Amino acid sequence: MIELKNIHKSYGNKAIIQNLDLIIKDNELTCLLGSSGSGKSTILRIIAGLEAAQGDVTIDNKLMNHNNEILIPPHKRNLGFIFQDLALWPHFTVFDNIAFGLKEQKKISTEQIHDKVMEMLSFFDLQEHSDKYPNQLSGGQQQLVAISRSLVLEPKILLMDEPLANLDVKLKRKILDLIKKLKSEFNLTIVYVTHDHKEAFAIADNIIILNKGNIEAIGNVDEIKNSENEFTKYFLEY
Ligand SMILES: Nc1ncnc2c1ncn2[C@@H]1O[C@H](COP(=O)(O)OP(=O)(O)O)[C@@H](O)[C@H]1O
Ligand SMILES: [Mg+2]
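A. Representation of the pattern of salt bridges within the structure. All told, the structure shown has ten salt bridges when counted by the stated rule. With a shortest N-O distance of 3.7 Å, Lys-9 and Glu-51 are connected by a salt bridge. A residue pair is termed long-range when its members are at least 10 positions apart, and Lys-9 in strand S1 (residues 2–11) and Glu-51 in the loop between helix H1 (40–48) and strand S4 (54–59) qualify at 42 residues. Under the relative-accessibility criterion, Glu-51 is labelled buried at 15%. Between Glu-154 and Lys-116 there is a salt bridge, and its shortest N-O distance comes to 2.5 Å.

B. Main features of the sheet that holds strand S7 (residues 79–82). Read from one edge of the open sheet, six strands run S7-S8-S9-S3-S10-S11, paired in mixed fashion. Looking at the sheet topology across the chains shown, the edges are occupied by S7 and strand S11 (214–219). Direction aside, neighbouring strands of the sheet carry axes that sit 15 degrees apart on average. The pairing of strand S3 (residues 29–33) with strand S10 (residues 206–211) spans four bridges and is classified as parallel. Looking at the pairing, Leu-33 lines up with Ile-209 of S10. Its contacts with the sheet put helix H4 (residues 139–151) on S7 and strand S8 (157–161), and the angle it makes with S7 is roughly 165 degrees. Across the sheet, helix H5 (residues 169–185) is in contact with S3, S8 and strand S9 (189–194); its angle to S9 comes to roughly 155 degrees.

C. A look at the packing of helix H2 (residues 94–105) against H4. Direction vectors running N to C along H2 and H4 enclose 25 degrees, while the axes themselves pass 7 Å from each other. Between H2 and H4, the angle is such that the two are roughly parallel. Here H2 and H4 pass one another in a crossing that is right-handed. Within the contact between the two elements, H2 uses Val-94, Asn-97 and Ile-98 and H4 uses Val-145, Ser-148 and Arg-149. Classifying every residue of the contact of H2 with H4 gives three nonpolar, two polar and one charged.

D. The arrangement of the sheet that holds strand S2 (residues 14–24) in detail. Strand order across the open sheet formed by five strands is S2-S1-S4-S5-S6, with antiparallel pairing between neighbours. Edge positions in the open sheet fall to S2 and strand S6 (69–70), since each of these has one partner strand only. Alignment of S1 against S2, held across seven bridges, turns out to be antiparallel. Bridge pairing in S2 places Glu-3 opposite Ile-23.

E. Quick look at a negative patch on the surface. A cluster of like negative charges, contributed by Glu-111, Asp-115, Glu-119 and Glu-185, occupies part of the molecular surface. Top contributing element to the negative patch by residue count: helix H3 (residues 110–123), with three residues. Within the element layout of this structure, Glu-119 appears in helix H3. Given the relative accessible area of 51%, Glu-119 is considered exposed.

F. Examining the pairing of S1 more closely. Connecting the antiparallel pair S1 and S2 is a turn made up of two residues, with Gly-12 showing a positive phi of about 60 degrees. Relative to S4, S1 is paired through five bridges, and the arrangement is antiparallel. Directly across from His-8, in S4, lies its bridge partner Gln-54.

G. Highlighting the site of ligand 1. Around ligand 1 lies a shell formed by Tyr-11, Lys-14, Ile-16, Ser-35, Ser-36, Gly-37, Ser-38, Gly-39, Lys-40, Ser-41 and Thr-42. Here an oxygen atom of ligand 1 and a side-chain polar atom of Lys-40 are 2.9 Å apart. Taking 550 Å² as the accessible area of ligand 1 by itself, protein coverage stands at 59%. Considering every element that reaches the shell around ligand 1, the biggest residue donor is H1, with three residues.

H. Broad picture of the packing of aromatic side chains. Within the structure shown, the criterion is met by seven aromatic pairs. When the ring of Phe-81 is compared with that of Phe-83, the centres are 4.2 Å apart and the planes differ by 15 degrees; the resulting orientation is stacked. Take Phe-83: its relative accessible area is 32%, and that puts it in the partly exposed class. Following the ring pairs from residue to residue traces out a cluster consisting of Trp-89, Phe-92 and Phe-100. Above the ring of Trp-89, the side-chain terminus of Arg-149 is found at 4.7 Å from the ring centroid. Directly above the aromatic system of Phe-201 lies the positively charged group of Lys-225, at a separation of 5.0 Å from the ring centroid.

What counts, and where the lines are drawn
- Residues numbered from 1 in each chain as written.
- Chains lettered and ligands numbered in written order.
- Predicted model: local features only at pLDDT ≥ 70, side-chain atom pairs only at ≥ 80, totals over all residues.
- Heavy atoms only, no water.
- Salt bridge = Lys/Arg side-chain N within 4 Å of Asp/Glu carboxyl O.
- Helix = DSSP H or I, 4+ residues; strand = E, 2+ residues; numbered from the N terminus.
- Buried < 20%, exposed > 50% of the residue type's maximum accessible area, 1.4 Å probe, protein only.
- Pairing = 2+ DSSP bridges.
- Axes fitted to C-alpha atoms, helices over the stretch in contact; angles between N-to-C directions.
- Contact = heavy atoms within 4.5 Å.
- Parallel < 35°, antiparallel > 145°, perpendicular 65-115°, else oblique.
- Left-handed = near helix turned anticlockwise from the far one by under 90°.
- Nonpolar A, V, L, I, M, F, W, Y, C, P; charged D, E, K, R; others polar.
- Patch = residues over 30% accessible without salt bridge, like charges linked within 9 Å, V, L, I, M, F, W, Y side chains within 5 Å.
- Areas by Shrake-Rupley, 256 points an atom, 1.4 Å probe, with all protein chains shown as cover.
- Lys, Arg positive; Asp, Glu negative; His and termini not counted.
- Charge placed at Lys NZ, Arg CZ, Asp CG, Glu CD.
- Near = heavy atom within 4 Å.
- Polar contact = N/O pair within 3.5 Å; in protein donor to acceptor, adjacent residues only side chain to side chain.
- Phe/Tyr/Trp six-rings, centres within 6.5 Å; stacked < 30°, edge-to-face > 60°.
- Lys NZ or Arg CZ within 6 Å of the ring centre and 35° of its normal.

Shown next as structure tokens:
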């Protein structure tokens, strides 16, 4: 479980997030849904430990952040982070992009690394592309490689920041289905950021509607669709 308690975040004298309390349950896919500038990425970065904030961040009952101090750094939080611009290494093959983190960890043998990478590739049906370079793949395939690169390290938590924003609708559908499948297969807790309510409705167990760093509504898809919250009703019309 991820818990944010009384979080405040300002840049200069501009308060971005005030008094935010948030609970993200294990093995669920929680969507942070809000328009551009509503603080979605900031919240994700605070959960990841890429950004310090006032207040407490707890993961599995361990305090990660307290009063503007990062107590546990990102790489020790057992989480994967997938950004909108994937930042695959252009000079590495697909295989080497995915294997990179495992090689860095130096915990397992070359054969084991090979098996794990191939297992990821076959989950996404990308085996035949393992020797290609990122620029030889479609946008959707690149995104799946970026997801594989995180997943192969077996994180408990996957943080995804508008990961499909650059893809066409059909491909989006397909990858959303894959993300749902991998959530149950890998027992993941996913925090998924998007400005697109259709994406959220397609995959979320829980949706949190954000407006200027504040929570307007929380609920499952049906509850959000039927929300009486004025902002939420307005937001969903667009
Ligand atoms: N490093 C930064 N310095 C100053 N302002 C920032 C910084 N990062 C984000 N902001 C501001 O914080 C607000 C929320 O940003 P962000 O979390 O990126 O929103 P979202 O991801 O929902 O689009 C925006 O007004 C943005 O301009
Ligand atoms: Mg953002």
